Amino acid sequence: MDLFDLHCDTLYACYQTGARLRDNDLHIDRAAARRYGRYAQIFALFCGAQAQATAQGWAARLAGLLATAQRELADNADWLTLCRSSAELDEAARAGKAAALLSIEGAELLPDRPDALAQVYAAGVRLITITWNHRNDFGCPAVLDQREGLTPAGRQLVRDCVAQGILVDVSHLSEQGFWDVCETTDAPFVASHSAARALCDHPRGLTDRQLTALAQRGGLVGVNLYAPFLVQRGRATIDDAIAHIEHLLERCGAHGVALGCDFDGCDALPDGIDGLGDLYRLADRMLARGHTDRTVRDLFYENAAAFIHKML
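Residues numbered from 1 in each chain as written. Predicted model: local features only at pLDDT ≥ 70, side-chain atom pairs only at ≥ 80, totals over all residues. Heavy atoms only, no water.

Novice: I keep staring at the packing of aromatic side chains and nothing clicks. Help me out?
Specialist: Think of a pair of aromatic rings as described by two things: how far the centres are apart, and how the planes are tilted against each other in angle. Here the structure, examined in full by the defined rule, presents eight aromatic pairs. Consider the rings of Phe178 and Trp179, whose centres lie 4.9 Å apart with planes at 85°: the pair is edge-to-face. Here the two residues Phe178 and Trp179 agree in accessibility, since each one is buried. With centroids separated by 5.4 Å and ring planes inclined at 80°, the aromatic side chains of Phe178 and Phe189 adopt a geometry described as edge-to-face. With a gap of eleven residues between them, Phe178 in helix H7 (residues 175-184) and Phe189 in the loop between H7 and strand S7 (190-194) connect regions that are remote in the sequence. Comparing Phe178 with Phe189 shows no difference in burial state: the two are buried. Taken together, Tyr12, Tyr15, Phe46 and Trp132 form an aromatic cluster joined through their ring pairs. Over the face of the ring belonging to Tyr121 we find Arg126, whose NZ or CZ atom lies 3.4 Å from the ring centre. (Phe/Tyr/Trp six-rings, centres within 6.5 Å; stacked < 30°, edge-to-face > 60°. Buried < 20%, exposed > 50% of the residue type's maximum accessible area, 1.4 Å probe, protein only. Helix = DSSP H or I, 4+ residues; strand = E, 2+ residues; numbered from the N terminus. Lys NZ or Arg CZ within 6 Å of the ring centre and 35° of its normal.)

Now the structure itself:
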């Protein structure tokens, strides 16, 4: 079984707590990763729940996150390798290694300098989530105000990301911000860790109209497994996650949906899934419900890999 996950916060957890990627009590470690044949993971350099007051504070946080990423990649080079292109993704698979890609979650982490994107691109960042749950210089998150969109700087960031070869990620962004992205660029973009608002009325979910627009331009949505995004109240089940997957497949098509589990970025997962190593239960349940092996393989790996090959 292969796996390509569009979003996790495991490196941030390592940065914050001193945990090590190889062996830990987090959602992702080497033992869990080795359960998969081909495994690719986008690791977020997360801005953090506590906002910094100054540009120097953000710079220090980014430097710490990059240092953590570099340390963990070096210490786990026997099974994990940084990939900056589709060719390097293929090379990792041929070598029998897991592929790590880097993202920035919260563009406030970007250095306060004209060559900021070139700097993080050189460090390996290939995806930027414009906002987290803080309002920043680029836009407003969905949890604060759905009507407030991108700032002029945010529109420029979208254009610059496309020019630099960095994927634009609209997860966390307000609904108006989503439409501003659509207006600013014709390029495909991604919602790396989202869900269907039609099934769970949470501001972090995407509406059917958003899902259709994302699919029409060849974008990709990753299914978030955070329980409050799957159900209005109570504990979520694997069937609840599958309901979102099925709805997204209906709206985005067979090749427009992947996994964006949000491991180590959430504290409530569906019953039966405690981390990366348990995703086989999601696959098994989908097959038991009548989904084809092709649908499961596309969801778990092929759709995300094809998107990376198209965009990087």
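Anyway, onward from the coordinates.
Novice: Honestly, the layout of surface pockets in this entry has me stumped. Any pointers?
Specialist: Any empty space left between the atoms is revealed when a probe the size of a water molecule rolls over them. In this structure, the largest pocket spans a volume of roughly 590 Å³. In terms of lining residues, the largest pocket is bounded by 29 residues, among which Ala107, Leu110, Pro111, Asp137 and Phe138 are the most central. For the lining of the largest pocket, the elements supplying multiple residues, two or more each, are helix H3 (55-75), helix H5 (116-122) and helix H6 (152-164). Ranked by residues supplied to the lining of the largest pocket, first place goes to H6 with five residues. Per-class residue counts for the lining of the largest pocket are 16 nonpolar, six polar and seven charged. Residue contributions to the lining of the second largest pocket peak at four residues, all from helix H1 (residues 10-17). Residue classes in the lining of the second largest pocket are distributed as ten nonpolar, seven polar and six charged. (1 Å grid on protein atoms, 1.4 Å probe; cavity = no way out; pocket = protein on both sides within 12 Å on 5 of 7 lines; lining within 4 Å. Points joined across faces, edges and corners; volume = space filled by probe spheres on them. Nonpolar A, V, L, I, M, F, W, Y, C, P; charged D, E, K, R; others polar.)

Novice: Please explain the nonpolar core as it appears in this structure.
Specialist: Here is a general trend for soluble globular proteins: nonpolar side chains tend to be buried in one another's company. Core analysis: the largest hydrophobic core is formed by 86 residues, its most contacted members being Leu110, Leu276, Leu279 and Leu282. Per element, the largest residue contribution to this core is seven residues, and it comes from helix H10 (residues 238-252). Apart from the residues lying within four places of it in its own chain, the contact partners of Leu110 are Ile104, Ala116, Leu117, Val120, Ile128, Phe138 and Leu157. The next biggest cluster of nonpolar side chains, apart from the first, holds 20 residues, and it includes Ile42, Val190, Leu220 and Tyr301. (Core = buried A, V, L, I, M, F, W, Y, C linked by side-chain atoms within 4.5 Å. Contact = heavy atoms within 4.5 Å.)

Novice: Whenever I open this one, the state of the cysteines confuses me. Can you help?
Specialist: All told, the structure shown has zero disulfides when counted by the stated rule. Free cysteine Cys47: the closest other cysteine sulfur is in Cys140, separated by 14 Å. In this structure Cys200 is a free cysteine whose sulfur lies 13 Å from that of Cys266, the closest cysteine sulfur available. What makes Cys200 buried here is its relative accessible area of 2%. (Disulfide = S-S within 2.5 Å.)

Novice: It is not clear to me how the environment of Asp208 should be interpreted in this structure. Could you clarify?
Specialist: Of note, Asp208 is situated in helix H8 (residues 208-216). In sequence terms Asp208 and Ala196 are twelve residues apart; their C-alpha atoms lie 7.4 Å from each other. Apart from residues no more than four positions distant in its own chain, Asp208 is found in contact with Ala198, His247 and Arg251. Among the polar contacts made by the side chain of Asp208, one reaches the side chain of His247 at a distance of 2.6 Å. (Polar contact = N/O pair within 3.5 Å; in protein donor to acceptor, adjacent residues only side chain to side chain.)

Novice: Sorry if this is basic, but what is going on with H1 here?
Specialist: Helical geometry note: an α-helix holds 3.6 residues per turn, so side chains three or four residues apart project in the same direction. Taken together, the buried positions of H1 are occupied by Thr10, Leu11, Tyr12, Ala13 and Cys14. Buried residues along H1 sit against strand S1 (3-8), strand S2 (39-46), H3 and strand S4 (98-105).

Novice: It is not clear to me how the packing of helix H11 (residues 279-288) against helix H12 (residues 293-311) should be interpreted in this structure. Could you clarify?
Specialist: Each packed pair of helices is defined by two parameters, the angle between the axes and the distance between the axes. Where H11 contacts H12, the axes come no closer than 9 Å and their chain directions differ by 150°. If you check the angle between H11 and H12, you find them roughly antiparallel. The two elements H11 and H12 cross, and the hand of that crossing is right-handed. On H12, the residues touching Leu279, Leu282, Ala283, Met286 and Leu287 of H11 are Asp293, Thr295, Val296, Leu299 and Phe300. (Axes fitted to C-alpha atoms, helices over the stretch in contact; angles between N-to-C directions. Parallel < 35°, antiparallel > 145°, perpendicular 65-115°, else oblique. Left-handed = near helix turned anticlockwise from the far one by under 90°.)

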